[in-house]
Amino acid sequence: MPRFCRLLTALTLFLSLGWAHAQGETVITASHPLAAEAGATILHQGGNAVDAAAAVQFALNVVEPQSSGIGGGAFILVYLAKTHETLVIDAREVAPAAATADQFAHHTFGENSVNGIAVGVPGTLAGFAEAQRRWGKKSLAAVLQPAIGLARQGFAVTPYLAHELASPRAALQPETRALFRNGAGQPLQVGDWLRQPDLARTFEQIAAEGPGVFYQGKIAGAIVAAQRRSTLGPAGVGRMTLADLAGYRVALRTPLIGRYQDYTLVTMPPPSSGGLALLQTLGLLEHFPLGRAEGFGAGELSATHVTIEALRLAMGDRALWLGDPAATPVPVARLLDGHYLLQLVHAMDVEKRMPDSGSGLEPEGTHTTHFTVVDAEGNVVSCTSTVEAVWGSGILVPGYGFLLNNELTDFNRVPKAGPQDPGANDVRPGMRPRSSMAPTLVFRQGQWLLAYGSPGGSTIISTVLEMTLDLLDDHLTGDAAVRIPRFAVLNAAGETLVEPALSPGLIDALRAQGHRLILTPEPIGSVQLIGEDPVTHERWGAADPRREGTVIRF
Ligand code: GLU
């Protein structure tokens, strides 16, 4: 090639790479391919990351209805590239005004969770409408279109959805039996076609009239009627009123910010316990120079042992102090204080398990969903969204086709307030139940590097921690980090779930140290991750194979 041509080629390449950097790749990761596609459609139509995230959420309501939707709640972390700010929309469900501290005390978690009493005032629609109003480029109506299409035309049931449809919670009510069972009363199978015309109409009404139709209009009336369903007599009847729905407000929060080595972690503040427990555990682990060169799957025994112990300590503080900050101030600064963390470090033993402390926790749902988006300008959304247990309360709003959450079971089942305990997570009217959801962003020297999160109830804390260590300490690729086998510390008492793929040698050795490990047939978490290479600025995504995680990048 003549020299001039080579120069021209180099110049063209330089210009195009320069443009690619300024604009950057767009990446979406979600736990269902059709939801990721919905986000891509909106980006192709000129929407930004916030618009695309809203489209992903509404599509997930259609294709992964067991996990999230407009009948639930969400935490939405938004990083704005232009101003370098991260803001949080807290669209968590709230307890109705008539809620009482002992409303769950007389029944089990399982009983409460499938009755109207468990339904919190939903926040997801208000949350995305608010995010779009502040930062979006498209209308709410525009971002609802992909979900409307999917609900009306239908889609083929995927293996993960078929697995979840087999749960009895998918068919507790006549409406869910009609929708999710075939003519013979059997769960829909892989490849069966699922159409949701009621849900399509609901989305169309919201597109035409705005969120008001949900919070104050006819959908509100239908929600209030549906959450009166009870199999427990009056004790199971939901207490939500039209006034509770009309009064629902999202909270705009400042994220929780912490440092780990030379990284800055930006994560979810209370009412989630997730971000605080993550930062506390990292603060403890920084005192232990542990080699984790091969990650947790094959890592050193001492690293896993110490990590379990650090998580137990964080889970102990979580049980005592974490709840809605509007109800009981959460001593965030004290729990992250260096001197306090050092005291906890002194309680830890690198050789053996600490004696039992703290109590076990009530069961929690684990079927939430996480998705992440980065747009061409570098705006990032990291969102964890939920209806709590799989299929939420099991109550589908008749005629409207969406499930109501059972999020209020995230409150203490039995009130704890007393001389030794602030009862931070006791049921209180108008308050948000404690969560573990921890959508997280990582920066270095002001530059955005990573965004991730996971479902999994209290296991979210361990999963997000393991992701952080695998990515930042061990420099695993995103794909390796989402695949590596996980463990999850459930409570201060130290029951630890373990994926069977974790190395048998490690499992035996941990057991020999006294750790109580429970091999779980259910996968732990489902991480959706995006990142940007700090040097080349190339963006990438990784999605969890434990569900139908999908990455779209263009
Ligand atoms: N309700 C749980 C929380 O807010 C999430 C449940 C799940 O991950 O499925 O922490």
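Residues numbered from 1 in each chain as written. Predicted model: local features only at pLDDT ≥ 70, side-chain atom pairs only at ≥ 80, totals over all residues. Heavy atoms only, no water.

Would you mind showing me how to read the overall build of the protein here?
Scanning the protein for helices and strands turns up 20 helices and 18 strands. Rg of the C-alpha trace for the protein: 23 Å, near the compact-globule value of 24 Å for 554 residues, within the 12% margin. Taken over the C-alpha atoms alone, the protein extends approximately 80 × 60 × 45 Å along its principal axes. Across the 554 residues in the protein, those meeting the buried criterion constitute 62%. Within the protein, residue pairs in contact and separated by at least 24 positions form 72% of the contacts whose partners lie at least 6 positions apart. Element-wise, carbon and sulfur atoms account for 59% of the exposed surface of the protein, whose accessible area totals about 19800 Å². Where the 41 positive side-chain charges of the protein centre and where its 51 negative ones centre are 5 Å apart. (Helix = DSSP H or I, 4+ residues; strand = E, 2+ residues; numbered from the N terminus. Rg over C-alpha atoms; globule rule 2.2 N^0.38 Å. Buried < 20%, exposed > 50% of the residue type's maximum accessible area, 1.4 Å probe, protein only. Contact = heavy atoms within 4.5 Å. Areas by Shrake-Rupley, 256 points an atom, 1.4 Å probe, with all protein chains shown as cover. Lys, Arg positive; Asp, Glu negative; His and termini not counted. Charge placed at Lys NZ, Arg CZ, Asp CG, Glu CD.)

Would you mind showing me how to read the packing of aromatic side chains here?
Centre-to-centre distance and the angle between the planes together describe a pair of aromatic rings. According to the stated counting rule, one finds eight aromatic pairs in the structure shown. Both rings, one in Phe214 and one in Phe402, keep their centres 5.5 Å apart while their planes meet at 35 degrees; by these two values the pair is tilted. Taken together, the residues Phe214 in helix α10 (residues 212-215) and Phe402 in the loop between β10 (380-386) and β11 (440-444) connect sequence positions 188 residues apart. Overall, the relative accessible area of 0% leaves Phe214 in the buried class. Ring pairing ties together the aromatic residues Phe58, Phe128, Phe203 and Phe371, which thus form one cluster. Its guanidinium or amino end placed over the ring of Trp321, Arg334 lies 5.2 Å from that ring's centre, counting from NZ or CZ. (Phe/Tyr/Trp six-rings, centres within 6.5 Å; stacked < 30°, edge-to-face > 60°. Lys NZ or Arg CZ within 6 Å of the ring centre and 35° of its normal.)

Got a minute to help me understand the side chain of Thr550 in this structure?
Here Thr550 lies in strand β18 (residues 550-553). The class of Thr550 is buried, set by a relative accessible area of 16%. Of note is the side chain of Thr550, whose polar atom sits 3.0 Å from the backbone oxygen of Glu548. (Polar contact = N/O pair within 3.5 Å; in protein donor to acceptor, adjacent residues only side chain to side chain.)

Help me understand the pattern of salt bridges, please; the structure alone is not making it clear to me.
Applying the stated criterion across every chain yields a total of 18 salt bridges. For Arg133, the salt bridge goes to Glu130, with nearest N and O atoms at 2.9 Å. Of this pair, Arg133 and Glu130 both sit in helix α5 (residues 124-135), separated by three residues, roughly a single helical turn. (Salt bridge = Lys/Arg side-chain N within 4 Å of Asp/Glu carboxyl O.)

For this particular structure, what's the right way to read the layout of surface pockets?
Unoccupied space between atoms shows up once a probe the size of one water molecule is rolled over them. If you add up the space inside the second largest pocket, you get close to 310 Å³. As for the second largest pocket, its lining consists of 14 residues, and the residues nearest its centre are Leu450, Leu471, Glu532, Pro534 and Trp540. Only β12 (447-452) and α18 (459-472) provide two or more residues apiece to the lining of the second largest pocket. Of the residues contributing to the lining of the second largest pocket, the split by class is eight nonpolar, three polar and three charged. (1 Å grid on protein atoms, 1.4 Å probe; cavity = no way out; pocket = protein on both sides within 12 Å on 5 of 7 lines; lining within 4 Å. Points joined across faces, edges and corners; volume = space filled by probe spheres on them. Nonpolar A, V, L, I, M, F, W, Y, C, P; charged D, E, K, R; others polar.)

What exactly am I supposed to notice about the nonpolar core here?
Generally speaking, soluble globular proteins have nonpolar side chains that are buried together. Formed by 84 residues in total, the largest nonpolar core has its most connected members in Phe58, Phe203, Ile206 and Phe402. By residue number, the principal contributor to this core is helix α3 (residues 49-63), which donates 12 residues. For Phe58, the residues in contact, after removing those within four places along its chain, are Ile70, Leu125, Phe128, Leu140, Val143, Leu144, Ala147 and Phe203. In this structure, Ala277, Leu278, Leu282 and Met437 belong to the second largest nonpolar core, which totals 70 residues. (Core = buried A, V, L, I, M, F, W, Y, C linked by side-chain atoms within 4.5 Å.)

Quick question: what am I supposed to make of the pairing of β10 here?
Taken residue by residue, a regular strand's side chains alternate between the two faces of the sheet. When you tally the buried positions in β10, you get seven out of seven residues, the bulk of the element. Here β10 shows a buried face lined by Val380, Ser382, Thr384 and Thr386 and a second buried face lined by Val381, Cys383 and Ser385. One ladder, built from seven bridges, connects strand β2 (residues 73-80) with β10; its direction is antiparallel. Residue pairing in the sheet places Tyr79 in a bridge with Val380 of β10. Relative to β10, strand β9 (residues 369-374) is paired through six bridges, and the arrangement is antiparallel. Looking at the pairing, Val373 lines up with Val381 of β10. Counted between consecutive antiparallel strands, the loop separating β9 from β10 contains five residues, among which Gly378 sits at a positive phi close to 95 degrees. (Pairing = 2+ DSSP bridges.)

Sorry if this is basic, but what is going on with the sheet that holds strand β6 (residues 251-253) here?
In sheet architecture, strand pairing relies on hydrogen bonds along the backbone and comes in two forms, parallel and antiparallel. Reading across from one edge, β6-β3-β2-β10-β9-β1-β18 is the order of the seven strands in this open sheet, with antiparallel pairing throughout. The sheet is open, and its two borders are formed by β6 and β18, each paired with just one other strand. On average, adjacent strands in this sheet sit at an angle of 15 degrees to one another, irrespective of strand direction. Against the sheet, helix α2 (residues 33-44) contacts β1 (27-30), β9 and β18, and its axis sits at roughly 155 degrees relative to β1. Across the sheet, α5 touches β2, β3 (85-91), β6, β9 and β10, and the angle it forms with β3 is around 150 degrees. (Axes fitted to C-alpha atoms, helices over the stretch in contact; angles between N-to-C directions.)

When you look at the site of the ligand in this model, what are you seeing that I'm missing?
Around the ligand, the structure places 17 residues, and the nearest of them are His367, Thr368, Glu407, Asp410 and Gly457. Within the side chain of Thr368, an N or O atom sits 2.6 Å from an oxygen atom of the ligand. Between the ligand and Gly457, the relevant distance is 2.6 Å, taken from an oxygen atom to a main-chain nitrogen or oxygen of the residue. Judged by its atoms lying within 2 Å of the grid points, the ligand is housed in the largest cavity. For the shell around the ligand, the residue count by class is three nonpolar, nine polar and five charged. (Near = heavy atom within 4 Å. Sits in = over half its atoms within 2 Å of the grid points.)

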